[in-house]
Amino acid sequence: MKKIWMTICTLTLGLALLSGCGQQTTTAEPIGIDAAKTLALEDAGISADAASFTTAGLDRRGDTEYYEVDFTANGQEYEYEIDAITGVIIEKQIPGGQTATDDTAQTAGTTTGTQSGTQTSGDVIGEEAARKAALDHAGLAESDVTFIRSKLDWDDGRQVYDVEFYTSDYTEYDYEIDAATGDILSYDADAEYYGGGSTGSSGTAITEAEAKAIALGKVPGATESDIWEFSTDRDDGRLQYEGEIIYDGTKYEFEIDGYSGTIRSWEAEPVRG
């Protein structure tokens, strides 16, 4: 009996030791923001003295922590995302192109699907083509606008180009363009400066019917039955019309000045669900 009891005790102790070993984990420490800055500068071939950092901090995408390191040098902008544990460059935006490292990007939900693990220029249409797609859609020439930004980014696991520009009348356009196909995913246009409090030559407000016609004129094929919402409002005491059109799988939201008929704001995005 004593021998059996000793055997049971030995087995119990062994199981306890095994259980304890299985619970032992090691947590890797982040490399630190200074190390991330150094990695970014080395990759860009820029000395620390020549760089001016605009953003440097820890962030998270999915289960992956990364350092966002943005800086300017010689009048150029550099943007890096660096894995906080391994120091692998997940994504970078540098003069002349953008790359994404596949190994870590898979964990972060930003894979490019390339076998080599490096995004190549052949996978995306390029900034120039993205700008042209936005301008063509807006019916403008490059000489008509001043570009604010054209940047390759990620949205819901898909690469997109964010393109922003404005015209001489201070209408600002924002476009999101599929980086692989060049399709317009969403866009909006805002007339930031629309004449202050002036009310047109007659000082008479346009009617609701006129405002609806102006909005429908921006959506060929749509009729008044496609206007789902419509209301009047006041912005700094000035009359404006607001509404929503849903037509052919796209939702359009608009704001129209109640006197001049200027479309102050226009947004379009696919209807989801």
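The preceding data block contains the structure.
Here is a short report on the structure shown in this document.

Reading the values: rules and limits
Residues numbered from 1 in each chain as written. Predicted model: local features only at pLDDT ≥ 70, side-chain atom pairs only at ≥ 80, totals over all residues. Heavy atoms only, no water. Pairing = 2+ DSSP bridges. Helix = DSSP H or I, 4+ residues; strand = E, 2+ residues; numbered from the N terminus. Buried < 20%, exposed > 50% of the residue type's maximum accessible area, 1.4 Å probe, protein only. Polar contact = N/O pair within 3.5 Å; in protein donor to acceptor, adjacent residues only side chain to side chain. Contact = heavy atoms within 4.5 Å. Salt bridge = Lys/Arg side-chain N within 4 Å of Asp/Glu carboxyl O. Core = buried A, V, L, I, M, F, W, Y, C linked by side-chain atoms within 4.5 Å. Arc of directions from axis to C-beta.

Right, let's talk about the pairing of strand β13 (residues 263-270) for a bit. Note that strand β12 (residues 250-257) and β13 share 7 bridges and pair antiparallel. Considered in β13, the bridge of K251 is made with E269. Where β12 folds back on β13, the antiparallel hairpin that results is connected by 5 residues, among which G261 adopts a positive phi of roughly 80°.

For Q93, the location among the structural elements is in strand β4 (residues 89-94). Using a relative accessible area of 11% as the deciding quantity, one classes Q93 as buried. At 3.2 Å, the side chain of Q93 forms a polar contact with the side chain of E127.

Let us now look at the environment of I245. Among the structural elements, I245 can be located in strand β11 (residues 238-247). Given a relative accessible area of 0%, I245 falls into the buried group. I245 sits 20 residues away from S225 along the chain, and the two C-alpha atoms are 8.9 Å apart. When near neighbours in sequence (up to four residues on either side) are disregarded, I245 contacts A215, L216, V219, A222, D226, I227, T250, K251, Y252, F254 and W266.

With the rule as written, the count across this model stands at 8 salt bridges. For K92, the salt bridge identified is with D43, shortest N-O distance 2.9 Å. Residue K92 is located in strand β4, and its partner D43 is located in helix α2 (residues 33-44); the two are separated by 49 residues in the primary sequence. Overall, the relative accessible area of 14% leaves K92 in the buried class.

Here we take up the environment of E81. Since its relative accessible area comes to 13%, E81 is described here as buried. A C-alpha to C-alpha distance of 6.3 Å links E81 and V69, two positions 12 residues apart in sequence. Excluding anything up to four places from it in sequence, E81 contacts R61, Y66, Y67, V88, I89, I90 and E91.

Attention shifts here to the environment of A130. Along the chain, A130 turns up in helix α4 (residues 127-138). In this structure the C-alpha to C-alpha distance between A130 and A179, which are 49 residues apart in sequence, comes to 7.5 Å. Excluding residues within four positions of it along the chain, A130 makes contact with I125, Y161, V163 and I177.

If you look at the biggest cluster of nonpolar residues, it comprises 33 residues, and the most contacted ones within it are Y161, V163, F165, Y175, I177, I245 and W266. In terms of residue count, the dominant contributor to this core is α4 (4 residues). Leave out the neighbours within four places in its chain, and F165 touches A134, L135, A138, L140, V145, T146, F147, I148, T171, E172, Y173 and Y175. Counting residues in hydrophobic clusters, the runner-up holds 14 residues, among them A36, F71, Y78 and I89.

Now for the pairing of β11. In terms of residue burial, β11 counts as a mostly covered element, since 7 of its 10 residues are buried. Pairing analysis gives 8 bridges linking β11 to β12, with the strands arranged antiparallel. The residue bridging I245 from the neighbouring strand is Y252, located in β12. What sits between β11 and β12 in their antiparallel hairpin is a turn of 2 residues, with D248 showing a positive phi close to 55°.

So, about helix α5 (residues 208-216). Among the residues of α5, those classed as buried are A211, K212, A215 and L216. Take α5 and look down its axis: the buried residues cluster within an arc of 135°, on one side only. On its buried side, α5 packs onto β10 (227-235), β11, β12 and β13.

So yeah, pure geometry; function would need other evidence.
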